[in-house]
Amino acid sequence: MRMRNMGTTLLLTGALIAAATGCAKNDTPSDTAAKPRTIKAVAGCGKGSWTDPSDLAPDRKPARCASGAPAPVKLAKTRKLTIATGTLAAEYVAPLEMAVKKGEFEKEGLDVTLKVLPTPDALPLLAKGDIDAQWAAPEAAVMNGILGGFDIKWVAANFSPGPGSKSGLWVRLKDGQSASYVAMAGRKMGTMIGKGSVISYPMDTALKKHGGGLDKIQFQQLGSADVLTALQNGGVDSAWLLDPVWRKVDGDKRFAFLGGQPQGEPLGGLLFGPKLLKEDPDAGVAFLRAYIRTVNTYFAGDYKKDPAFVAELATLLKTDKAVLESTPSLRMDWEIRSGTTDRLQKAYEAAGVSKGDPLPESRTVDRKLYEEAVGHTS
């Protein structure tokens, strides 16, 4: 989730829509074009491998199969897939990197390359089929691209915060204020996250609980190294602090945590384009099967309780082991909740970065491929 100001976001999304007519193979929803697929029961993936999409409870247990499940089903012919990601250093990308390292994609007959590309650069390539998938989020640019004709859907989720996480909105308290209520209207927020990011949704929710909203505060764009400093020095009144930066103010009575990403509701994950949605869904299911198996085998619970695994993870992400240990384990979760893209689009509208009427979930989300991977039938 990269920083960009409102004007830049609108230019980028506008360019995507302008390019859509030439890039997208067609604008027919993939639900209509796809042939019905046979779903078989999958060993090791029972009742707990699927949860009701409408369940938004913060303590919802994410879907899980047994370790090592679903088992590989190797494709007859190897497919080469390129997956775009904004970074290879963030913890939420670890399941993909671990799947490559442990040979989980190879077991499916997939030759996977992870390529670092920001969302605006990757989207037209995904729509044209020049890349096969994107590890990102249904940001405003994605919604505007789909509206403009891109045949792209969110097909699997990534994570939600674990219990104890305080990644999110922090505020400097004035005399007499407490975390129970801080008047946010008119305050200045420092952030490296743009209004077109999925974080707009939880940010708007947290602000509205305190008399604010995306349309009632001032934003100040800051680099990642400057957000915390500005909050501590009084340059801004509030800031959206990510892992592990929030640990620097946690416990300091001058500051209060007002809210973050909803627990139990992932806001990002895998986006598929026409190649894996329509042309080669077998490869799409194989990719998701390897991803899900990696989660079940290595990230099923509190994976940071294992010092050896944390050390392996730190090496994989090229980060310090102590940094990883300073924050709770992410709750890795491949399932997409009902209504998430509706709530995201409302936030984009409030932020002034959306185009046209909101898209229905049928145009933005496809759960069928991961359901097939775990053997779930509706």
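Preceding block: the structure.
Now for a look at the structure at hand. (Residues numbered from 1 in each chain as written. Predicted model: local features only at pLDDT ≥ 70, side-chain atom pairs only at ≥ 80, totals over all residues. Heavy atoms only, no water.)

1. A short note on the overall build of the chain
Here's step 1: From N to C terminus, the chain includes 15 helices and 12 strands.
Here's step 2: Against the compact-globule benchmark of 21 Å for 378 residues, the chain has a radius of gyration of 20 Å, which places it among compact chains.
Here's step 3: Dimensions of the chain, computed from C-alpha atoms along their principal axes, come out at roughly 65 × 50 × 35 Å.
Here's step 4: Classification of the 378 residues of the chain by burial places 53% in the buried group.
Here's step 5: A fraction of 83% describes how many contacts in the chain between residues 6 or more apart in sequence connect residues 24 or more apart. (Helix = DSSP H or I, 4+ residues; strand = E, 2+ residues; numbered from the N terminus. Rg over C-alpha atoms; globule rule 2.2 N^0.38 Å. Buried < 20%, exposed > 50% of the residue type's maximum accessible area, 1.4 Å probe, protein only. Contact = heavy atoms within 4.5 Å.)

2. Considerations on the sheet that holds strand β6 (residues 168-172)
Here's step 1: Pairing within the open sheet is mixed, and its five strands lie in the order β8-β7-β9-β6-β10. Whereas interior strands pair on both sides, the edge strands pair on one side only; in this sheet they are β8 (218-221) and β10 (255-260). Along the sheet, successive strands turn relative to each other by an average axial angle of 25 degrees, direction set aside.
Here's step 2: Pairing of β6 with strand β9 (residues 238-241) involves four bridges; the strand directions are antiparallel. Across the sheet, V171 pairs through a bridge with S238, a residue of β9. (Pairing = 2+ DSSP bridges. Axes fitted to C-alpha atoms, helices over the stretch in contact; angles between N-to-C directions.)

3. Let's talk about the pattern of salt bridges
Proximity of charged atoms lets side chains of opposite charge pair with each other.
Here's step 1: Following the criterion strictly, the structure yields 23 salt bridges and no others.
Here's step 2: The salt bridge involving R60 is made with E335; its shortest N-O contact spans 3.8 Å. Here R60 is found in the loop between α2 (30-33) and β1 (79-85), whereas its partner E335 is found in the loop between β12 (331-332) and α13 (340-351), with 275 residues between them in sequence. Here R60 and E335 have matching classes, each one buried.
Here's step 3: Note that R79 is salt-bridged to D280, the shortest N-O span being 2.6 Å. Residue R79 is found in strand β1, and its partner D280 is found in the loop between α9 (274-279) and α10 (281-298); the two are separated by 201 residues along the sequence.
Here's step 4: Taken together, the salt bridges that share partners define one network made up of E104, K107, E108, R289 and R293. (Salt bridge = Lys/Arg side-chain N within 4 Å of Asp/Glu carboxyl O.)

4. Some remarks on the packing of aromatic side chains
Here's step 1: By the definition in use, this model includes nine aromatic pairs.
Here's step 2: Pairing W170 with F257 gives two aromatic rings, centres 5.5 Å apart and planes at 45 degrees, and the pair type is tilted. Note that W170 is positioned in strand β6 and F257 in strand β10, a separation of 87 residues in sequence.
Here's step 3: Taken together, a centroid distance of 5.4 Å and an interplanar angle of 75 degrees make the contact between F299 and F309 edge-to-face. Here the residue F299 occupies a position in the loop between α10 and α11 (307-317), and F309 occupies one in helix α11, the gap between them amounting to 10 residues. Comparing F299 with F309 shows no difference in burial state: the two are buried.
Here's step 4: Feature note: the residues Y298, F299, Y303 and F309 constitute an aromatic cluster, connected by ring pairs. (Phe/Tyr/Trp six-rings, centres within 6.5 Å; stacked < 30°, edge-to-face > 60°.)

5. Digging into helix α6 (residues 140-147)
Here's step 1: Along α6, seven of the eight residues are buried, which leaves the element largely enclosed by surrounding structure.
Here's step 2: Of the residues making up α6, those classed as buried are A140, A141, V142, M143, N144, G145 and I146.
Here's step 3: In the stretch just after α6, G149 is the one whose phi turns positive, near 125 degrees.

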